[in-house]
Amino acid sequence: MAHILAPSSQLQAKVSIKNASYARPLPAKLGSLAFKPGCNKASVRTSTNFRVFTVRAANGTINRMEDLLNLDVTPYTNKVIAEYIWIGGSGIDVRSKSRTISKPVEHPSELPKWNYDGSSTGQAPGEDSEVILYPQAIFKDPFRGGNNILVICDTYTPAGEPIPTNKRAKAAEIFSNQKVIDEVPWYGIEQEYTLLQTNVKWPLGWPVGGYPGPQGPYYCAAGADKSFGRDISDAHYKACLYAGINISGTNGEVMPGQWEYQVGPSVGIEAGDHIWASRYILERITEQAGVVLSLDPKPIQGDWNGAGCHTNYSTKSMREEGGFDVIKKAILNLSLRHKEHISAYGEGNERRLTGRHETASIDQFSWGVANRGCSVRVGRETEKQGKGYLEDRRPASNMDPYVVTALLAETTILWEPTLEAEALAAQKLALKV
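Per an unreviewed UniProt entry, the recorded name for the chain is Glutamine synthetase, and the organism is Kalanchoe fedtschenkoi. The record held by UniProt for the chain lists under Subunit (unreviewed entry) the comment "Homooctamer." Turning to the chain, the UniProt record has this under Subcellular location (unreviewed entry): "Plastid, Chloroplast".

Dropping the structure here:
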């Protein structure tokens, strides 16, 4: 595997899996410990004076701590570890903590509610700090393996009211509407992200304080001078498949040090659950690799691409014969609610949606066939077949998938503009509906 380029003061991260089956969890640490020649034992002292001992065995170096971290306890106990995951006070940070469950479970309803200190996450005052976690979705834990699980939760007051940062509750209401259920909304979400060097917060593979060559050679490229962070992308891909996340692909992006993965097609609320679970796994993998994950929509100013979260969307009516007319009607509705969507599509998006670098202007709605400089793109194949899907290219990389997916369904299925507004929009966009 290719090495991840980082400053010499950092540990170069790599994934090393020996004789591993698909069912094994990810290694506890994506790295290796160096030994002095001729030494059979070495120790590493951390800032907390904790010693990690390593010994040399016939089959190479074995880290005893890693052995314990990777230990599968399934043969010894029926209990499992459940990692409860929720969204923190910023609306983009993921938090988690672990608890023991007495037996394996298959559905979130089998799990107990839990609580946490909301005053420490910016979600509750100190004098009334308890926030309640409601389990909503379960995934296999790729880090602990066995029967252990990751649990996506949303957050409520002790009285059972969703707290302000709980966007899942509102999305669940929209997706439970019968009109939305009948349309079976599909989502394919393209999550872009940037890998940063830990101490300097500068993109992976870039010279510290400097810049690489101009964009062009890096998109979907191979080679140590063009691809930075492939091990992280590959580890994340496999971990998501193991977890049961509906990840469908990955690729290197236009800006060096930037990557993308795709999740979908997913139906309804599942799209948000899978994106948040995949983000959590990516945070954990970059943590182990000693690399910082950034979802900033424009991490580097200048002639560099930003990071988006393009959302491909279709309904049952769009996918059936005559669906292109339904798509055009949806585009009309989206144009009429452009400001509402932009305000919900991620913080800092104005730095990305400039009309350059494969984006449309944030101030003006546009659509086109195969045009990546538009707000909404329709593929050539959709136009040719007269049915298919649309791609909303406006969401930023730090968008909340619960908000974006629910808003798309609301605007295109539940919301109806006035005939006058619709006619004016159709004329402006040159849409015949």
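Having seen it, we continue.
Caption draft 1: Summary view of the pattern of salt bridges. Using the criterion set out here, one finds 15 salt bridges in the structure. One salt bridge connects Lys 329 with Glu 416, and the closest N-O pair in it is separated by 3.6 Å. With Lys 329 in helix α7 (residues 323-336) and Glu 416 in the loop between α10 (401-414) and α11 (419-429), the pair connects residues that are 87 residues apart, well separated along the chain. By relative accessible area, which is 53% here, Glu 416 ends up exposed. Residue Glu 391 is joined to Arg 393 by a salt bridge in which the shortest nitrogen-to-oxygen separation is 3.3 Å. For the pair shown, Glu 391 and Arg 393 are each scored as buried. Each of the salt bridges in this network shares a partner with another, and the network as a whole consists of Glu 83, Asp 141 and Arg 144.

Caption draft 2: Fine view of the packing of aromatic side chains. Per the counting criterion, the structure on display carries eleven aromatic pairs. Between the aromatic rings of Tyr 211 and Trp 304, the centroid separation amounts to 6.3 Å while the plane-to-plane angle is 10 degrees, which identifies the pairing as stacked. In this pair, Tyr 211 is assigned in the loop between β9 (186-197) and α4 (230-243) and Trp 304 in the loop between β12 (291-294) and β13 (311-314), connecting sequence segments 93 residues apart. The class for Tyr 211 is partly exposed, based on a relative accessible area of 48%. An aromatic cluster is built from Trp 202, Trp 206, Tyr 211 and Trp 304, whose rings are joined through pairwise contacts. In this structure, Arg 99 packs its charged tip against the face of Trp 114, placed 4.9 Å from the ring centre. For the cation-ring pair, Lys 140 lies above Tyr 242, with the distance from its terminal atom to the ring centre recorded as 4.3 Å.

Caption draft 3: Geometry of the pairing of strand β4 (residues 80-87). Within β4, seven of the eight residues are buried, which leaves it mostly tucked inside the rest of the structure. Pairing geometry for β4 and strand β5 (residues 94-101), over eight bridges, is antiparallel. Residue pairing across strands places Ile 85 opposite Ser 96, the latter belonging to β5. From the end of β4 to the start of β5, which pair antiparallel, there are six residues, and Gly 91 there has a positive phi angle of about 85 degrees.

Caption draft 4: A look at the confidence of the model for the chain. Averaged over every residue, the pLDDT of the chain is 87; the share at 70 or more is 85%. The model gives residues 1-23 a pLDDT under 50, and that stretch makes 43 contacts with residues more than four places away or in other chains. Residue range residues 31-55 is modelled with pLDDT below 50. Its contacts to residues more than four positions away, or to other chains, number 40 contacts.

Caption draft 5: Highlighting the pairing of strand β10 (residues 247-252). Sheet topology note: the β10/strand β11 (residues 258-267) ladder contains five bridges and is antiparallel. Pairing of Gly 249 across the sheet is with Gln 262, part of β11. Between β10 and the antiparallel strand that follows it, β11, lie five residues; Gly 257 among them carries a positive phi value of about 90 degrees.

Caption draft 6: Representation of the environment of Asn 78. If you trace the backbone, Asn 78 turns up in the loop between α1 (64-69) and β4. Each C-alpha atom of the pair Asn 78 and Ser 102 lies 6.8 Å from the other, and the pair is 24 residues apart in sequence. In this view, Asn 78 contacts Ser 102, Lys 103 and Pro 104; residues no more than four positions away in its chain are not counted.

Caption draft 7: Region of interest: α4. Between its terminal C-alpha atoms α4 stretches 20 Å, which fits the 20 Å expected from 14 residues at 1.5 Å a residue. Of the residues making up α4, those classed as buried are Asp 231, Ile 232, Ser 233, Ala 235, His 236, Ala 239, Cys 240, Tyr 242 and Ala 243. Packed against the buried residues of α4 are β7 (130-140), β9, β10, β11, α5 (270-289) and β12. Two residues or fewer past α4, Gly 244 is found with a positive phi of approximately 95 degrees.

Caption draft 8: Spatial organisation of the nonpolar core. Core analysis: the largest hydrophobic core is formed by 68 residues, its most contacted members being Ile 245, Ile 281, Ile 331, Trp 367 and Leu 390. Looking at this core element by element, the count peaks at nine residues for α5. Each of two domains, domain 1 (69-164) and domain 2 (175-429), supplies a minimum of three residues to this core. In contact with Ile 281, not counting residues within four places along its chain, are Pro 142, Phe 143, Leu 150, His 236, Ala 239, Cys 240, Ala 243 and Ile 245.

Caption draft 9: Structural view of the side chain of His 338. Note that His 338 resides in helix α8 (residues 338-343). Overall, His 338 belongs to the buried group, its relative accessible area being 7%. In terms of polar contacts, His 338 uses its side chain to reach the side chain of Arg 394, at 2.8 Å. Excluding residues that lie within four positions of it along the chain, His 338 makes contacts with Ile 362, Asp 363, Gln 364, Phe 365, Ser 375 and Arg 394.

Caption draft 10: A look at the side chain of Thr 155. On the secondary structure map, Thr 155 appears in strand β8 (residues 149-156). With sequence-adjacent residues up to four places away left out, Thr 155 is seen in contact with Trp 86, Tyr 116, Val 131, Ile 132, Leu 133, Glu 161, Pro 162, Ile 163, Thr 165 and Asn 166.

Caption draft 11: How the structure looks around the sheet that holds strand β6 (residues 114-117). Read from one edge to the other, the open sheet built from five strands follows the order β5-β4-β8-β7-β6, with strand pairing classed as mixed. Pairing within the sheet leaves two strands with one partner each, and these edge strands are β5 and β6. Sheet twist, expressed as the average angle between the axes of neighbouring strands with direction ignored, equals 40 degrees. As paired strands, β7 and β8 are joined by eight bridges and run antiparallel to one another. Bridged to Lys 140 within β8 is Ile 149. Across the sheet, α5 lies against β4, β5, β7 and β8, angled at about 115 degrees from β8, the strand it touches most.

Conventions used here
- Residues numbered from 1 in each chain as written.
- Predicted model: local features only at pLDDT ≥ 70, side-chain atom pairs only at ≥ 80, totals over all residues.
- Heavy atoms only, no water.
- UniProt positions renumbered as here; feature names shortened; annotations may be inferred.
- Salt bridge = Lys/Arg side-chain N within 4 Å of Asp/Glu carboxyl O.
- Helix = DSSP H or I, 4+ residues; strand = E, 2+ residues; numbered from the N terminus.
- Buried < 20%, exposed > 50% of the residue type's maximum accessible area, 1.4 Å probe, protein only.
- Phe/Tyr/Trp six-rings, centres within 6.5 Å; stacked < 30°, edge-to-face > 60°.
- Lys NZ or Arg CZ within 6 Å of the ring centre and 35° of its normal.
- Pairing = 2+ DSSP bridges.
- pLDDT = per-residue confidence, 0-100.
- Contact = heavy atoms within 4.5 Å.
- Expected span 1.5 Å × (residues − 1).
- Core = buried A, V, L, I, M, F, W, Y, C linked by side-chain atoms within 4.5 Å.
- Domains from an automatic or database assignment.
- Polar contact = N/O pair within 3.5 Å; in protein donor to acceptor, adjacent residues only side chain to side chain.
- Axes fitted to C-alpha atoms, helices over the stretch in contact; angles between N-to-C directions.

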